[in-house]
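So you can see what is in the structure, the chains are spelled out below.
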Amino acid sequence: MWLALDTELLKTFLEVSRTRHFGKAAEHLYLTPSAVSFRIRQLESQLGVTLFTRLRNNIQLTSSGDALIPHAESMLLAWARAQHEVALSERQTQQLAVAGTANLWDAYLQEGLHRLYCELPALSLRADIRTPEQMTRALLGRTLDLAFLTDPARIEGVSHVAIHTMELQLVSSYQNLDTAKAMAQDYIRIDWGTAFNTQHAKLFNTATPPLLHTGSVRIALEYLLHHGGSTFLPSSMISNYQQQEQLFIVADTPSIKREVYAAYLPGGERQGLIDQVITLFGPQTVEI
């Protein structure tokens, strides 16, 4: 009972830390604002610290609250994984937790899930969208088995395998544009990682801010198709929209190549399963 209660307190804490608003957190958690406030006071009482500074229309994390975030995330992930493993059916004899950034699920990883379930029917999979920082913490805390990302985290003990190369091309909903016009006319910036941002800055010297900045390919693509503009998309996603004359490649713009990496802690009890999953997500496996 104590553990179940604590997980609810931690969930409430993380929602308030995300929204910085008791009322919005209450809406998302289907609670009243007073219930959210009571839970935060309970957690603060248990820990003996203040987690938030409460000023009118200005809720900020204290240093103690900021320090609690990664621990709260790890505890909730561990609890969810324990529930998952206990509830496994007889048919599902293998369990794995994987995560990737939002844009990788949109552009590449979703297709890998289909191969996974065809080849590993006994696998029970937990698949999540997480930031690179969250994935790194979860790997080190062993609440995540496999992370997919575009910038390998250079952390001791974490191994990375390059599984796929994405070619990103500048496309526009308008025909016959050159690079300068495409960048100046409703440009949508997708976050493809630090290495992409560095190369982007070297190639394109523009002071025009993007119309939209997002970490989701799906958000960018939907906006592009409905309202027009330009963005960098993986070449594998472009052909159907080209055939329908909805999107056009900006011919004079150099493409940007990005590696997709699988990251994991080697040597664990699930190593054999991790190796199988990496192979199924991408045949191009080069150790780094």
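Please refer to the structure higher up on the page.
Computed from a predicted model, the values in this text were never measured in an experiment. (Residues numbered from 1 in each chain as written. Predicted model: local features only at pLDDT ≥ 70, side-chain atom pairs only at ≥ 80, totals over all residues. Heavy atoms only, no water.)

(A) Structural context of the pattern of salt bridges. Following the criterion strictly, the structure yields ten salt bridges and no others. Close ionic contact of aspartate 128 with arginine 126 constitutes a salt bridge, the shortest N to O distance being 3.0 Å. In this structure aspartate 128 comes out as buried when scored by relative accessible area, which is 19%. Salt-bridge contacts for arginine 130 lead to aspartate 128; the nearest nitrogen and oxygen are separated by 3.8 Å. One connected set of salt bridges, linked through shared partners, spans Glu8, Lys11 and Arg39. (Salt bridge = Lys/Arg side-chain N within 4 Å of Asp/Glu carboxyl O. Buried < 20%, exposed > 50% of the residue type's maximum accessible area, 1.4 Å probe, protein only.)

(B) Region of interest: the side chain of glutamate 73. Counting through the fold element by element, glutamate 73 comes out in helix H4 (residues 63–86). Taking relative accessible area as the criterion, glutamate 73 reaches 18% and is therefore assigned buried. Within the local environment of glutamate 73, its side chain forms a polar contact with the side chain of arginine 137, the two groups lying 2.5 Å apart. Each residue touching glutamate 73, except ones within four places of it in the same chain, is listed here: Leu14, Gln134 and Arg137. (Helix = DSSP H or I, 4+ residues; strand = E, 2+ residues; numbered from the N terminus. Polar contact = N/O pair within 3.5 Å; in protein donor to acceptor, adjacent residues only side chain to side chain. Contact = heavy atoms within 4.5 Å.)

(C) Structural context of the packing of helix H2 (residues 22–29) against helix H3 (residues 33–47). Viewed as axis vectors pointing N to C, H2 and H3 meet at an angle of 100 degrees, and their least axial separation amounts to 8 Å. If you check the angle between H2 and H3, you find them roughly perpendicular. Counting all contacts with H2, which are made through Phe22, Gly23, Ala25 and Ala26, the residues of H3 involved are Pro33, Val36, Ser37 and Ile40. Taken together, the residues of the contact of H2 with H3 sort by class into six nonpolar, two polar and no charged. (Axes fitted to C-alpha atoms, helices over the stretch in contact; angles between N-to-C directions. Parallel < 35°, antiparallel > 145°, perpendicular 65-115°, else oblique. Nonpolar A, V, L, I, M, F, W, Y, C, P; charged D, E, K, R; others polar.)

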